Amino acid sequence: YFNDHFFYKRRSVVIKEYENTLKKTLGPNGVEANVKRAEELWELGYLPLKIYAVPEGSLIPIRTPMMAFWNTDPRFYWLTNYIETLLSAELWQPMTSATIAYGYKKSLIDWCKKTDGLSPMVEFQGHDFSFRGMCGWSAAAKSGAGHLLSFCGTDTIPAISYLQKYYGADIDKELVGTSIPASEHSVAESYGDTNEREYFRHIIEDVYPDSIVSIVSDT
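Residues numbered from 1 in each chain as written. Predicted model: local features only at pLDDT ≥ 70, side-chain atom pairs only at ≥ 80, totals over all residues. Heavy atoms only, no water.

Peer 1: So what about the nonpolar core? Which residues, and what values?
Peer 2: Counting residues in hydrophobic clusters, the biggest one holds 14 residues, and the most contacted among them are Phe6, Ile15, Val35, Leu41, Phe76, Trp78 and Leu79. Listing elements by their share of this core, those giving two or more residues are helix 1 (2–7), helix 2 (11–26), helix 3 (31–44) and helix 4 (79–114). If sequence neighbours within four positions are ignored, Val35 has contacts with Ile15, Tyr18, Glu19 and Leu22. Core analysis: the next-biggest nonpolar cluster, separate from the first, contains nine residues, Ala141, Ile160, Leu163 and Ala169 among them. (Core = buried A, V, L, I, M, F, W, Y, C linked by side-chain atoms within 4.5 Å. Buried < 20%, exposed > 50% of the residue type's maximum accessible area, 1.4 Å probe, protein only. Helix = DSSP H or I, 4+ residues; strand = E, 2+ residues; numbered from the N terminus. Contact = heavy atoms within 4.5 Å.)

Written out as structure tokens, the structure reads:
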């Protein structure tokens, strides 16, 4: 991102844009010093940062830092605070979705053991239908990828492509994620207030007798 939008752009263009944004948003105070910082960073040509992090996908306790980063050039002491905001914005959602999905799966496994024994269907009981509620394609892909660390069921197809592009997943060799047959609210409503039993029977016995199916049951 920094290469495309900062380092690889002409100095005059990127500095003028930065200076104008500061003047229009923060006023005249401090503009000159901040512009000088940006010029020095552009001349350096890279982000002088060292980053240590736990391996992705690790389960770590609360209050344990997941990463640490600091500048490697004393001139850019200010850069760590700048980058923290960007990293937090990019990372919080997939980590949160992965953690929530992991919690759901633990609960599903626990109740499965208490009822009919551990079932392979658990992999599909926490299905991801969240795409339309996300803030765009990128958010859906990252959040859905976090979910797929614990489950196989998803209707957020970009999450599968995301895992293939960035993490080496291969849908030709492994089950990364898959959709399932699912009913719709309008179908449930078409049975009226008194035919709910027939609605469930029809979906399970007539339409999808031999496969997993997600049935809308809150309509």
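Peer 1: So what's going on with the packing of helix 2 against helix 3? Residues and values would help.
Peer 2: Between helix 2 and helix 3, whose axes approach to 10 Å, the crossing angle comes to 155 degrees. On the basis of their axis angle, the class for helix 2 and helix 3 is roughly antiparallel. Classified by chirality, the crossing of helix 3 by helix 2 is right-handed. Where helix 2 abuts helix 3, its residues Arg11, Val14, Ile15, Tyr18, Glu19, Leu22 and Lys23 lie against Val31, Asn34, Val35, Ala38, Glu39, Trp42 and Glu43. Its residues assigned to classes, the contact of helix 2 with helix 3 shows eight nonpolar, one polar and five charged. (Axes fitted to C-alpha atoms, helices over the stretch in contact; angles between N-to-C directions. Parallel < 35°, antiparallel > 145°, perpendicular 65-115°, else oblique. Left-handed = near helix turned anticlockwise from the far one by under 90°. Nonpolar A, V, L, I, M, F, W, Y, C, P; charged D, E, K, R; others polar.)

Peer 1: Could you give an account of the packing of aromatic side chains, with specific residues and numbers?
Peer 2: Throughout the structure, instances matching the rule amount to 10 aromatic pairs. On the basis of an interplanar angle of 80 degrees and a centroid distance of 6.1 Å, the ring pair of Tyr1 and Phe2 is categorised as edge-to-face. Residue classification places Tyr1 among the exposed residues on the basis of a relative accessible area of 68%. When the ring of Tyr162 is compared with that of Tyr166, the centres are 4.9 Å apart and the planes differ by 55 degrees; the resulting orientation is tilted. Taken together, the residues span about one helical turn, with Tyr162 and Tyr166 both in helix 7 (residues 157–167) at a distance of four residues. Looking at Tyr162, the relative accessible area reads 18%, which means it is buried. Here the aromatic cluster, defined as three or more aromatic residues joined through ring pairs, consists of Tyr1, Phe2, Phe6 and Phe7. One cation-aromatic arrangement involves Lys114 over Trp111; the distance from NZ or CZ to the ring centre is 4.6 Å. (Phe/Tyr/Trp six-rings, centres within 6.5 Å; stacked < 30°, edge-to-face > 60°. Lys NZ or Arg CZ within 6 Å of the ring centre and 35° of its normal.)

Peer 1: If you had to explain the packing of helix 4 against helix 6 (residues 137–147) to someone new, which residues and values would you point to?
Peer 2: Interhelical geometry of helix 4 versus helix 6 gives an angle of 35 degrees and a closest axis separation of 7 Å. Where helix 4 crosses over helix 6, the handedness of that crossing is right-handed. Contact with helix 4, carried on its side by Glu90, Gln93, Pro94, Ser97, Ala98 and Ala101, involves Ala139, Lys142, Ser143, Gly146 and His147 of helix 6 and no other residues of that element. In the contact of helix 4 with helix 6, the residues fall into four nonpolar, five polar and two charged.

These values are about where atoms sit, not about what they do.
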